[in-house]
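As a plain string of letters, each chain reads:
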Amino acid sequence: MQYQTETRSSLSFNKVNNMGMFPSDTLVRVESMAAENAVVIFSMSTCCMCHAVKGLFRGMGVSPAVHELDLHPYGVDIHRALMRLLGCSNGASTSPGGLPVVFIGGKMVGSMERVMASHINGSLVPLLKDAGALWL
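Let me sum up the structure you'll find in this document. (Residues numbered from 1 in each chain as written. Predicted model: local features only at pLDDT ≥ 70, side-chain atom pairs only at ≥ 80, totals over all residues. Heavy atoms only, no water.)

**Comments concerning the environment of His 72**
- Tracing the chain through its elements places His 72 in the loop between β4 (65–68) and α3 (75–86).
- Considering only alpha carbons, one finds His 72 and Met 44, 28 residues apart in sequence, at a separation of 9.7 Å.
- With residues near it in sequence (within four places) discarded, His 72 still touches Met 33 and Ile 78.
- At a separation of 3.0 Å, a polar atom in the side chain of His 72 contacts the main-chain amide nitrogen of Tyr 74. (Helix = DSSP H or I, 4+ residues; strand = E, 2+ residues; numbered from the N terminus. Contact = heavy atoms within 4.5 Å. Polar contact = N/O pair within 3.5 Å; in protein donor to acceptor, adjacent residues only side chain to side chain.)

The following block contains the structure:
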């Protein structure tokens, strides 16, 4: 069994495979990952909606940090935590439902529907400018 310790800030995470993380540790991990860049996308590499939202941001000239949860060692736990944050009733789902999840400026915008609604109603560009992701 592989055992490793990762330290971020003043918190220490002890991990034993995929089952060793407590939900609060996972939420701290999501918050940390969401704050690492102006735009952060939690995605699945095989999800067409994820591909579309990544293309939207890149087409606007934004370079998002992308976390492909199906390729991440803690992807299942992170996906469950994101589903809880979105208010999905079944946080235990391992299907790509609810993805992509987008954070702008460290704040959760939501899934594809909210991102597209923000884009259509014109509120996405100001969010990106405020976060420092666009300099138009």
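**Quick notes on the nonpolar core**
- Among the nonpolar cores identified, the biggest contains 18 residues, and Phe 42, Ile 78, Leu 82, Leu 99 and Phe 103 are the most heavily contacted of them.
- Within the residue set of this core, elements represented by two or more residues are α1 (23–34), β3 (39–43), α3 and β5 (101–104).
- In terms of residues, this core owes the most to one element, α3, which gives four residues.
- Among residues more than four places away in sequence, those in contact with Leu 82 are Val 30, Phe 42, Leu 69, Leu 99, Val 101 and Phe 103.
- Counting residues in each nonpolar core, the second largest holds 16 residues, with Leu 56, Ile 104, Met 112 and Leu 124 among its members. (Core = buried A, V, L, I, M, F, W, Y, C linked by side-chain atoms within 4.5 Å. Buried < 20%, exposed > 50% of the residue type's maximum accessible area, 1.4 Å probe, protein only.)

All quantities given are derived from atomic positions and should not be read as evidence of function.
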